[in-house]
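# Summary of structural features
Now for the letters of each chain:
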Amino acid sequence: MEGGNRCGRSTLMKKIENCTLEIMEKIMENESPSITVRNSKDWRNCDYKEWLTLRSDATETRTSFLNSRERFIRVMHMLNKLHQLLMSNSQCSLRQLYYDDVELYGNQRQSDDILNFICKKLDCMPNNLGIIPNSKGLIAGLLKLKMKHDQIDCSTVGGTKIPDDIRSINHIESNARFILVVEKETVFRKLLDEDISQKLGPCILITGRGFPDLNTRHMLRVLWKKLEIPVFALVDCDPHGIEIMLVYRFGSLSQSQFGEILAVPSMKWLGVQPRDVIDLHIPSIPLTIEEKRNLEVMCDRQYLKSNPQLLLEITKMFESSSKAEIESLYHFSPSYLTNVYLLNKIHSNEFV
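Quantities reported herein were computed from a predicted structural model and do not represent experimental measurements.

### Quick look at the overall build of the chain
For the chain, the count of helices and strands is 15 helices and 17 strands. Rg of the C-alpha trace for the chain: 22 Å, near the compact-globule value of 20 Å for 352 residues, within the 12% margin. Considered along the principal axes of its C-alpha atoms, the chain spans approximately 70 × 50 × 35 Å. Taken across its 352 residues, the chain has 52% of its residues classed as buried. Taking the intrachain contacts of the chain between residues at least 6 apart in sequence as the baseline, contacts between residues at least 24 apart amount to 75%. Summed over its atoms, the accessible surface of the chain is roughly 16800 Å², and 49% of this surface lies on carbon and sulfur atoms.

Structure below.
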């Protein structure tokens, strides 16, 4: 799997041990110990080639015992737990990790935040540490996944949940011609109900059910690398939908350290595009002041400046000051999305 060399068990165990040793040395020298990670909340710390990457010389954020005592203790406690998992070659879920010490972490969000901090420090994904996320994404279509202990047939009615442990996939079998990533579960299910594969050809449907989790993005990346087929995005024509498409395509700022494992740079924006709202007279509503501000900031990103056609399309939304949901296409007819819109878009190569 991509990124595997830097994320082997022995390597990660050594990193944890070295981190702990440095902290002990600080204590022995009567200094306040601290842990630093590269700051992945500042766009200036990122570079772009095919996907977002976190610069090696990025500015750092610090968690110190002196200024963030409770957080520091949580980090050290979890480092110890993760070292135990690596030593025993064991696994546990995100929920189990939190329940390891509910009183210490306070809530699941705090526990997840500490894990994310540690992953940045160790330069690895949670599953490399034996932590199995709870996937929320769904997948359907002409695809069979052979796991370590069983097989998942994604052609079953309604599709299936994306596996929690992507690393346990041993073999991928599919004759699909393309992958269609859908923002919303409701649209995902409507496309399945209307038998999209019969109308558009053999394909794989994926939805992150809104903003995608790491597992959904990782699954898409693995399929793209293995099958080498086109990947399209169907999202709402609004700033939130565009942001979702951009995260799948170029990676996210918060996870820029792992762009090579999560991004699918060849993904194309199939719809709903601002030009469609204008040309097809799709029912729309005005953008809010905040949405216009978000678009303006978005257009300043390096990867959009390097993709002028994509930037031009997003600029059209800003200039028209209007937005539309995928479901707005049902205004023409209940089956317009599948029978007309997607069919025309794919065959006419109208995507950026």
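### Some remarks on unusual backbone geometry
A cis amide bond, omega -5 degrees, links Gly-271 with the succeeding residue Val-272. Mapping Val-272 onto the fold places it in the loop between strand 15 (268-271) and helix 11 (274-279). Unusually for a residue other than glycine, Asn-30 sits at a positive phi of about 60 degrees. For Asn-30, a relative accessible area of 74% translates into the label exposed. The phi angle at Asp-123 is positive, at roughly 60 degrees, despite the residue not being glycine.

### Some thoughts on the pattern of salt bridges
With the rule as written, the count across this model stands at 19 salt bridges. With a shortest N-O distance of 3.2 Å, Lys-26 and Glu-31 are connected by a salt bridge. Given the relative accessible area of 36%, Lys-26 is considered partly exposed. Its salt-bridge partner being Lys-305, residue Asp-300 comes within 3.0 Å of it at the nearest N-O pair. Taken individually, Asp-300 and Lys-305 each receive the classification exposed, so the pair is uniform in this respect.

### Some details on helix 14 (residues 308-320)
Along an α-helix, a turn takes 3.6 residues, which lines up residues three or four apart on a common side. Over its 13 residues, helix 14 extends 18 Å from the first C-alpha to the last, a length consistent with the 18 Å expected when each residue adds 1.5 Å. Those residues of helix 14 that fall on the buried side of the exposure criterion are Leu-310, Glu-313, Ile-314 and Met-317. For helix 14, the angular spread of the buried residues around the axis is 90 degrees, confining them to a single face. Of the residues in helix 14, the exposed ones pointing more than 90 degrees away from the buried face are Pro-308, Gln-309, Leu-312 and Glu-319.

### Digging into the pairing of strand 8 (residues 144-147)
Because side chains alternate across strand 8, one face comprises the buried residues Leu-145 and Met-147, and the other comprises Lys-144 and Lys-146, none of which is buried. Pairing analysis gives three bridges linking strand 8 to strand 9 (residues 151-153), with the strands arranged antiparallel. If you follow Lys-146 over to strand 9, its bridge partner there is Gln-151. The antiparallel hairpin formed by strand 8 and strand 9 contains three residues in its connecting segment. For strand 8 and strand 11 (residues 169-173), the ladder comprises four bridges, and the chain directions are antiparallel. By the bridge assignment, Lys-144 is partnered in strand 11 with Glu-173.

### Quick look at helix 5 (residues 108-122)
Under the 1.5 Å per step criterion, the end-to-end length of helix 5 is 21 Å for 15 residues, consistent within 8% with the ideal 21 Å. Of all the residues in helix 5, the buried ones are Gln-108, Ser-111, Ile-114, Leu-115, Phe-117, Ile-118, Cys-119, Lys-120 and Leu-122. Here helix 5 starts with a cap whose side-chain oxygen sits 3.1 Å from the backbone nitrogen of Arg-109, and that cap is Asn-107. Asp-123 lies just past helix 5 and shows a positive phi near 60 degrees.

### Examining the sheet that holds strand 8
One open sheet holds the three strands; their spatial order is 9-8-11, and the pairing between them is antiparallel. The outermost strands of the open sheet, each flanked by one partner alone, are strand 9 and strand 11. Within this sheet the neighbouring strands show an average axis-to-axis angle of 15 degrees, counted without direction. On top of the sheet, helix 8 (residues 214-227) reaches strand 8 and strand 11; it is set at about 60 degrees to strand 11, its chief contact.

### Here's the deal with the packing of aromatic side chains
Tallied over the entire structure, the rule returns nine aromatic pairs. For the pair Phe-250 and Tyr-303, a centre-to-centre distance of 4.3 Å together with 20 degrees between the ring planes defines the contact as stacked. Taken as a pair, Phe-250 in helix 9 (residues 239-250) and Tyr-303 in helix 13 (residues 302-305) lie far apart in primary sequence, 53 residues in all. Accessibility classification places Phe-250 together with Tyr-303 in one group, the buried group. The ring of Tyr-330 has Lys-190 sitting right over it, with the charged end atom 4.9 Å from the ring centre. Note that Lys-292 overlies the ring of Phe-318, its terminal NZ or CZ placed 4.5 Å from the centroid.

### Structural notes on the packing of helix 9 against helix 12 (residues 289-298)
At their nearest, the axes of helix 9 and helix 12 sit 10 Å apart, and the two run at 30 degrees to each other. Taken together, the axis directions place helix 9 and helix 12 in an arrangement best described as roughly parallel. Residue-level inspection shows Pro-239, Ile-242, Glu-243 and Leu-246 of helix 9 in contact with helix 12, the latter providing Glu-291, Leu-295 and Met-298. In terms of residue class, the contact of helix 9 with helix 12 is made up of five nonpolar, no polar and two charged.

About the criteria used
- Residues numbered from 1 in each chain as written.
- Predicted model: local features only at pLDDT ≥ 70, side-chain atom pairs only at ≥ 80, totals over all residues.
- Heavy atoms only, no water.
- Helix = DSSP H or I, 4+ residues; strand = E, 2+ residues; numbered from the N terminus.
- Rg over C-alpha atoms; globule rule 2.2 N^0.38 Å.
- Buried < 20%, exposed > 50% of the residue type's maximum accessible area, 1.4 Å probe, protein only.
- Contact = heavy atoms within 4.5 Å.
- Areas by Shrake-Rupley, 256 points an atom, 1.4 Å probe, with all protein chains shown as cover.
- Salt bridge = Lys/Arg side-chain N within 4 Å of Asp/Glu carboxyl O.
- Expected span 1.5 Å × (residues − 1).
- Arc of directions from axis to C-beta.
- Pairing = 2+ DSSP bridges.
- Polar contact = N/O pair within 3.5 Å; in protein donor to acceptor, adjacent residues only side chain to side chain.
- Axes fitted to C-alpha atoms, helices over the stretch in contact; angles between N-to-C directions.
- Phe/Tyr/Trp six-rings, centres within 6.5 Å; stacked < 30°, edge-to-face > 60°.
- Lys NZ or Arg CZ within 6 Å of the ring centre and 35° of its normal.
- Parallel < 35°, antiparallel > 145°, perpendicular 65-115°, else oblique.
- Nonpolar A, V, L, I, M, F, W, Y, C, P; charged D, E, K, R; others polar.

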